[in-house]
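Inside the fold
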Amino acid sequence: MADSIKTPLLVVGAGPGGYPAAFHAADLGMEVVLVDRDPNPGGVCLYRGCIPSKALLHAAQVIHEARTAEKLGITFGEPEIDFDKLRAWKDSVVEKLTSGLGGLTKQRKIRYVRGTARFAGPDRAIVALTDGGEQEIVFENAILATGSEPTRLPFLPDSSRVMDSTGALALDHLPKRLLVMGGGYIGLELGQVYATLGCTVTVVEMKPSLLPGADPDLVKPLAKVCTTQFHKILLDTSVTAVTEKGDQLTVAFRDTAGKTFEEAFDRVLVAVGRRPVSKGLGLEQAGVQLTAQGFAQIDEARRTTSERIYAVGDIAGQPMLAHKATHEGRCAVEAIHGKKHIYDPRAIPAVVFTDPEIAWCGLTEDEARRGGRRIRVGLFPWQASGRAATLDRPDGVSKIVADAETGLVLGVGVAGYGAGELIGEGVVAIEMGATAEDLALSIHAHPSLSETIMEAAERVMGQSTHYFQRM
Ligand code: NAD
C-alpha cells in the first residue's frame, strides 16, 4: 500500500451530493480528496440516471411532436430512428457534462481518487484503487455521499432480459413487448421513452394509481396520455413470478381482488424503488449507525452518529433527489467549516419528466388535510391558458394550496408542458413565505405558462380572469 494520504476532508461518492460538497469545500479553501469509481464526477445522476434519461425523453418528445404536427398543417412523415446515432448522442451529452466536472475538479485542485472506499475506523478509509492496489486515507472530516441503487426483487431470474434503469438507459435492444414493473418516476419516464420508440409497453403498479403519493389532480392529465401510449396499465396488481422460457419471459400477476393471470414479454424493466448504498462500506468500524431502512442516522447538520462523518444525498434519507443531495452537501460543508448551518428546507421540488411533466413542492392537498390544516385550494386548468393553446398543450393544470386564514402558500403543483421549469416559482414562494395574494398580484408575462400559477393563486382568492366559476 502507498503512503497514507492525510486530508482535512474526504468525500466518498462524486454524485450530485458529493461533487458539489467537494467543490464548495475547495472554494472555502479546504484541501479535499474526492473518491469515486467513475472516471469523472457525476455519479448515477449524470452517468446512469437523470441526464441520460432526460436526453432520451427529449428525443421521445421530438418524435411525438413530429407525429402530432399534422394537426397544425405540418406533415413530416413517420420519423426514422437511427438507434446507434441516438445512443451516441445521449452518450455524448453524458461525456460532455462529466468531463466538464472533471475539469472543474482539476481547476479547484481537488485530489480525485478512482476506486471504492471502505471505512477502517472513525478517521480513516481504505480505497481499493481502480488501477489496482490500495490507498489509505486519513481524514479530519468525511462526507458520505454513496447514493442509492435499484431495489432488487429476489424472485426475479438473473437474466439479461430483466433490466433495471441502468440497463434500460443503455438502449442496446428494443424489445417488442416490454413489461415495466412500477408506475413511479422511473417506470413512467422510461416507459414513455420505450413506447415512443415503438415498443408495446405494459405497466404494472401494485398501488391503485400511477405515481402513488402524488396529487391525483396532477396525475390525471398524465394518466390520460399514458392510457393511449401504453398497451396496458395494470393497477392494484403485483408480479408474483417471472420465468425465462426460451427467448421470452412468462410473468405471473395477481391483483388485489385475488385474480391471477400470466402474460409473456420480451423484457422486463424493474423500477420498484431504490435503496441506499450503505452496506459493505465499513460503517460499523466508523461508528456510523443506520436506520432500519439502511439510511445513515443524521442530525440537522447531516452529521452521522460518528462525530467527524457526515452523510448527504440518497444515503441520508428521502426524498432521493439529486437537488436535495446537492443542498445537503453544501450544508454539511458549511457545518464542517464551523458555521451554524442546518438543513431546513420548506419546499423540495419533485419533478417527473414525463410528457406531460408533473412537478410539485411543499404540501400536497392531501398532506395538508391529513395534517389537520384548514386550506384553500386554487386549481387552474390549462384549457383556459392562451400560451398553452398556442403550444397546442392544453393538457395541464396548475394548483395552489394555501392556508385558509393567512393565505400562506403551503404547496404548489403543476402538471403540463414544462412543469419542471415552472415549479421554481412555487419553491421560491414557499421559501420566502409568500401568500396566494402575493402570487396573484405579481405581474406575470403574457402570454406565458407562468400565468397559470398566477391564475391558480387568483382562484385561491376568489375568481380568476380566465376561469369563471359561479359562486
Ligand atoms: P418510485 O418509488 O418512484 O416508484 C416505484 C413504484 O413501484 C411505486 O409506485 C410502487 O408502488 C411500485 N412498486 C413497488 N413494488 C412493486 C411491485 N412488486 N410490483 C408493482 N409495483 C411495485 O421508484 P422508482 O421509479 O424506481 O425511482 C426510484 C427513485 O429514483 C425515486 O424515489 C426518485 O426519488 C428517484 N428518481 C427521480 C427522478 C426524477 O427526479 N425525475 C427520476 C427517476 C428516479
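Residues numbered from 1 in each chain as written. Predicted model: local features only at pLDDT ≥ 70, side-chain atom pairs only at ≥ 80, totals over all residues. Heavy atoms only, no water.

**Describing the site of the ligand**
For the ligand, the set of nearby residues contains 20 residues, the closest of which are Ile-186, Glu-205, Gly-273, Met-320 and Val-351. Contacts to the ligand include Glu-189, whose side-chain N or O atom sits 3.0 Å from a nitrogen atom. In this structure, Gly-273 approaches the ligand through a main-chain N or O atom, which is 2.9 Å from an oxygen atom. Contact with the protein chains removes 82% of the 840 Å² of surface that the ligand exposes when unbound. For the shell around the ligand, the leading source of residues is helix α6 (residues 185-196), giving 4 residues. (Near = heavy atom within 4 Å. Polar contact = N/O pair within 3.5 Å; in protein donor to acceptor, adjacent residues only side chain to side chain. Areas by Shrake-Rupley, 256 points an atom, 1.4 Å probe, with all protein chains shown as cover. Helix = DSSP H or I, 4+ residues; strand = E, 2+ residues; numbered from the N terminus.)

**Details of helix α1 (residues 18-27)**
An α-helix turns once per 3.6 residues; consequently, residues spaced three or four apart project the same way. Counting buried residues along α1, 9 of its 10 residues qualify, which places the element largely inside the surrounding structure. Taken as a whole, α1 has its buried residues at Gly-18, Tyr-19, Pro-20, Ala-21, Ala-22, Phe-23, His-24, Ala-25 and Ala-26. Where the residues of α1 are buried, they touch β1 (5-12), β2 (32-36), α2 (43-48), α4 (83-107), β5 (134-144) and α9 (322-336). Trailing α1 by a residue or two, Gly-29 shows a phi angle of about 100 degrees, which is positive. (Buried < 20%, exposed > 50% of the residue type's maximum accessible area, 1.4 Å probe, protein only. Contact = heavy atoms within 4.5 Å.)

**Comments concerning the domain arrangement of the protein**
Each assigned domain of the protein is listed with its residue range as follows: domain 1 (2-150 + 275-336), domain 2 (162-272) and domain 3 (350-461). The partner domain 2 presents 14 residues to the 18 residues of domain 1 that form the contact. Of the roughly 1,400 Å² buried where domain 1 meets domain 2, counting both sides, 71% is carbon and sulfur surface. It is Leu-56, Leu-57 and Phe-83 that lose the most area in domain 1 upon contact with domain 2, and together they represent 31% of the buried surface on that side. Remark: the boundary between domain 1 and domain 2 carries 1 salt bridge. Residue Lys-54 is joined to Glu-189 by a salt bridge in which the shortest nitrogen-to-oxygen separation is 2.8 Å. Taken together, domain 1 and domain 2 are joined by 5 residue pairs in polar contact (both at pLDDT 80 or more). Mapped by element, the contributors of at least two residues to the side of domain 1 that touches domain 2 are α3 (50-68) and α4. (Domains from an automatic or database assignment. Buried area = accessible area lost by both parts, 1.4 Å probe. Salt bridge = Lys/Arg side-chain N within 4 Å of Asp/Glu carboxyl O.)

**A look at the pairing of strand β13 (residues 260-265)**
In this sheet, β13 lies alongside strand β12 (residues 248-255) in antiparallel orientation, the contact comprising 6 bridges. Note on β13: the bridge partner recorded for Val-251 is Glu-263. Connecting β12 to the next strand, β13, in antiparallel fashion are 4 residues, including Gly-258 with a positive phi near 95 degrees. (Pairing = 2+ DSSP bridges.)

**A few points about the sheet that holds strand β9 (residues 200-204)**
Strand order in the open sheet formed by 5 strands is β7-β14-β8-β9-β10, and the pairing between neighbours is parallel. Looking at which strands have only one partner, the edges of the open sheet turn out to be β7 (162-163) and β10 (232-234).

**Digging into the packing of aromatic side chains**
A full pass over the atoms with the stated rule returns 4 aromatic pairs. Judged by centre distance (5.0 Å) and plane angle (20 degrees), the ring pair of Phe-253 and Phe-261 falls under stacked. With a centroid separation of 6.3 Å and an interplanar angle of 75 degrees, the aromatic rings of Phe-253 and Phe-265 are classed as edge-to-face. With Phe-253 in strand β12 and Phe-265 in strand β13, the pair connects residues that are 12 residues apart, well separated along the chain. Overall, Phe-253 belongs to the buried group, its relative accessible area being 1%. (Phe/Tyr/Trp six-rings, centres within 6.5 Å; stacked < 30°, edge-to-face > 60°.)

**A word on the sheet that holds strand β20 (residues 397-403)**
The sheet built from 5 strands is open, its strands ordered β17-β18-β21-β20-β19 with antiparallel pairing. What marks the edges here is a single partner per strand, and that holds for β17 (350-352) and β19 (375-381). Across the sheet, the mean angle from the axis of one strand to that of its neighbour is 10 degrees, orientation sign disregarded. Of the pairings in the sheet, the one linking β19 to β20 comprises 7 bridges and is antiparallel in character. (Axes fitted to C-alpha atoms, helices over the stretch in contact; angles between N-to-C directions.)

**With respect to unusual backbone geometry**
Look at the link from Asp-355 to Pro-356: it is a cis peptide, with omega at 0 degrees. Along the chain, the position of Pro-356 falls in the loop between β17 and β18 (357-362). Residue Pro-447 follows His-446 across a cis peptide bond; omega there is -5 degrees. The phi dihedral of Arg-302 falls on the positive side, at around 75 degrees, and the residue is not glycine. Looking at the element boundaries, Arg-302 is found in the loop between α8 (283-286) and β16 (309-311). Positive phi values are uncommon outside glycine, yet Asp-392 reaches one of about 55 degrees. Along the chain, Asp-392 falls in the loop between α11 (386-390) and β20. Since its relative accessible area comes to 28%, Asp-392 is described here as partly exposed.

**A look at the nonpolar core**
Nonpolar side chains in soluble globular proteins tend to end up buried together. Among the nonpolar cores identified, the biggest contains 36 residues, and Tyr-194, Val-201, Leu-211 and Ile-358 are the most heavily contacted of them. Elements that contribute at least two residues to this core include exactly α3, α5 (165-170), β8 (177-181), α6, β9, α7 (216-229), β17 and β18. Looking at which element gives the most residues to this core, the answer is α6, with 5 residues. Leu-211 has contacts with Gly-183, Gly-184, Tyr-185, Leu-188, Val-219, Leu-222, Val-352 and Ile-358, leaving out every residue within four places of it along the chain. Among the nonpolar cores identified, the runner-up in size contains 27 residues, and Ala-359, Phe-380, Ala-402 and Ala-457 belong to it. (Core = buried A, V, L, I, M, F, W, Y, C linked by side-chain atoms within 4.5 Å.)

**A word on a negative patch on the surface**
The grouping of Asp-299, Glu-300, Asp-344 and Glu-431 at the surface amounts to a negative patch. Checked against the element boundaries, Glu-300 lands in the loop between α8 and β16. (Patch = residues over 30% accessible without salt bridge, like charges linked within 9 Å, V, L, I, M, F, W, Y side chains within 5 Å. Lys, Arg positive; Asp, Glu negative; His and termini not counted. Charge placed at Lys NZ, Arg CZ, Asp CG, Glu CD.)

**Section: the pairing of β18**
The side chains of a regular strand alternate, residue by residue, between the two faces of the sheet. Counting buried positions along β18 gives 5 out of 6 residues, so the element sits mostly inside the fold. Examined bridge by bridge, β17 and β18 share 3 bridges and lie antiparallel to one another. Looking across to β18, one finds that Ala-350 is bridged to Trp-360. Turn length for the β17-β18 hairpin, with the two strands adjacent in sequence and antiparallel, is 4 residues. Judged from the 6 bridges that link them, β18 and strand β21 (residues 409-416) form a sheet pairing that is antiparallel. Of the residues in β21, the one forming a bridge with Ala-359 is Val-414.

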